[in-house]
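Next come the chains, spelled out residue by residue.
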Amino acid sequence: MRRDIVVLLCDVWKSYRSRGEVVTALRGVNLRVARGEIVGIHGPSGAGKTTLLKIIAGLERPDRGEVIVEGYNLNQLNEDGLAMLRNTIVSFIPQEYGLIDELSVYENIELPLLLAGIGHEERRARVRELIEYIGLRGKEHVKPKYLSGGEKQRVAIARALANTPSILLADEPTANLDWENASKVMELFKQVNRDFKTTIIIVSHDPRILRFVDRRLILQDGVLREVS
Ligand SMILES: Nc1ncnc2c1ncn2[C@@H]1O[C@H](COP(=O)(O)OP(=O)(O)OP(=O)(O)O)[C@@H](O)[C@H]1O
Ligand SMILES: [Mg+2]
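Residues numbered from 1 in each chain as written. Chains lettered and ligands numbered in written order. Predicted model: local features only at pLDDT ≥ 70, side-chain atom pairs only at ≥ 80, totals over all residues. Heavy atoms only, no water.

In the nomenclature of an unreviewed UniProt entry, the protein chain corresponds to ABC transporter ATP-binding protein from the organism Ignisphaera aggregans.

Structure (structure tokens):
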């Protein structure tokens, strides 16, 4: 049986203009990701990895090319449509975790549920379940600055899972971690993939993350290619 394609990019180009200079981050990227896959994209700094994830998440629009996510053609969605996509289908975990310093672990994970209008009891049950899942019971009321890098990444993953997305995008999830903690975070992604059938795309300049994924790609000079 053919597996359904949940992310499809066809000839995607993206340039930025800053101070009169044009930087072309993506030069005709093609990508197909099947449901339930864990894809690892490796590439040097400045290769366009973050740009690629932001385009899949609907946080940036391509200059040219098609982006289809769970059947939605992102070029045809307005800003409200893209917000719906981010709230219900695709979760993006930013490079520096994206946690809110003033909020506790509990409140950070609760935030997407609050924004989705989920009621108090259901929120509480879901946040507790997620805290248990990432192994941070007892740290509910701690602020992010008192957590280790690995713990912050786990909270970022829990927050990203709150609204049960079908696709998880992780930008350099192991960048600030030693190898032991980096391995634990990668194992957590594998567990999420097994438990919830979440499709996961991870980008990193660290080639060691590639040993944890189902399929390996390299992004270099704005072009994506498969590695065996
Ligand atoms: N908002 C922006 N304005 C101008 N240039 C940008 C912008 N965002 C990215 N770029 C440029 O586009 C190119 C690709 O950037 P991107 O952040 O996607 O790379 P990256 O692979 O994620 O790098 P890193 O590994 O350092 O995070 C870089 O040359 C960068 O300077
Ligand atoms: Mg980046």
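Next comes the rest of the description.
Chemist: I tried to follow the overall build of the protein chain on my own but got confused; where do I start?
Modeler: Across its full length, the protein chain carries six helices and 10 strands. Over its C-alpha atoms the protein chain spans a radius of gyration of 17 Å, differing by no more than 12% from the 17 Å that the globule rule assigns to 228 residues. The buried share of the protein chain, reckoned over its 228 residues, is 50%. Within the protein chain, residue pairs in contact and separated by at least 24 positions form 71% of the contacts whose partners lie at least 6 positions apart. Only carbon and sulfur atoms are counted for the fraction: they give 47% of the accessible area of the protein chain, which is about 11,400 Å². Considering the protein chain, the positive charge centre built from 33 side chains and the negative charge centre built from 31 side chains are found 2 Å apart. (Helix = DSSP H or I, 4+ residues; strand = E, 2+ residues; numbered from the N terminus. Rg over C-alpha atoms; globule rule 2.2 N^0.38 Å. Buried < 20%, exposed > 50% of the residue type's maximum accessible area, 1.4 Å probe, protein only. Contact = heavy atoms within 4.5 Å. Areas by Shrake-Rupley, 256 points an atom, 1.4 Å probe, with all protein chains shown as cover. Lys, Arg positive; Asp, Glu negative; His and termini not counted. Charge placed at Lys NZ, Arg CZ, Asp CG, Glu CD.)

Chemist: Any chance you could explain the sheet that holds strand E7 (residues 167-171) here in plain terms?
Modeler: Remark on secondary structure: sheet strands pair via backbone hydrogen bonds, oriented parallel or antiparallel. Spatial ordering of the open sheet is given by E6-E7-E8-E3-E9-E10, a layout of six strands whose pairing is mixed. Here the strands that pair on one side only, and so sit at the sheet edges, are strand E6 (90-93) and strand E10 (223-227). Adjacent strand axes in the sheet meet at a mean angle of 20° when their direction is disregarded. Of the pairings in the sheet, the one linking strand E3 (residues 38-42) to strand E8 (residues 199-204) comprises five bridges and is parallel in character. The residue of E8 that forms the bridge with His42 is Ser204. Relative to E6, helix H5 (residues 149-161) is tilted by about 165°, and along the sheet it contacts E6 and E7. (Pairing = 2+ DSSP bridges. Axes fitted to C-alpha atoms, helices over the stretch in contact; angles between N-to-C directions.)

Chemist: How should I be thinking about the site of ligand 1 in this particular structure?
Modeler: Near ligand 1 lie 13 residues; those nearest to it are Ser45, Gly46, Lys49, Thr50 and Thr51. Within the contact set of ligand 1, an oxygen atom lies 2.8 Å away from a side-chain nitrogen or oxygen of Thr50. At 2.6 Å from an oxygen atom of ligand 1 is found a side-chain nitrogen or oxygen belonging to Thr51. With the chains in place, 65% of the 640 Å² that ligand 1 exposes on its own is no longer accessible. Residue assignment for the shell around ligand 1 shows that the elements contributing at least two residues are strand E2 (21-34) and helix H1 (49-56). When residues in the shell around ligand 1 are grouped by element, the largest group, three residues, is from H1. Class assignment of the residues belonging to the shell around ligand 1 gives a composition of five nonpolar, six polar and two charged. (Near = heavy atom within 4 Å. Polar contact = N/O pair within 3.5 Å; in protein donor to acceptor, adjacent residues only side chain to side chain. Nonpolar A, V, L, I, M, F, W, Y, C, P; charged D, E, K, R; others polar.)

Chemist: So what exactly am I meant to see when it comes to the packing of aromatic side chains here?
Modeler: The description of two aromatic rings rests on the distance between their centres and on the angle between their planes. One pass over the full model with this rule turns up two aromatic pairs. Summarising the aromatic geometry, the rings of Tyr133 and Phe196 are spaced 5.2 Å apart at their centres and angled 55° between planes, so their arrangement reads as tilted. Remark: Phe196 occurs in helix H6 (residues 179-196) and Tyr133 occurs in helix H4 (residues 120-133); sequence separation between them is 63 residues. Phe196 sits in the partly exposed class, given a relative accessible area of 44%. Residues Trp179 and Phe212 carry aromatic rings whose centres are separated by 6.0 Å and whose planes lie at 55° to one another, so their mutual orientation is tilted. Taken together, the positions of Trp179 in helix H6 and Phe212 in the loop between E8 and strand E9 (215-220) put the pair 33 residues apart, joining distant regions of the chain. (Phe/Tyr/Trp six-rings, centres within 6.5 Å; stacked < 30°, edge-to-face > 60°.)

Chemist: When you look at the confidence of the model for the protein chain in this model, what are you seeing that I'm missing?
Modeler: Interpretation of the predicted coordinates at a detailed level should be avoided for regions scoring low in pLDDT. Per-residue confidence for the protein chain gives a mean pLDDT of 94; residues scoring 70 or more make up 98%. By mean pLDDT, the top-scoring element of the protein chain is E7 (98), and the lowest-scoring one is E10 (91). (pLDDT = per-residue confidence, 0-100.)

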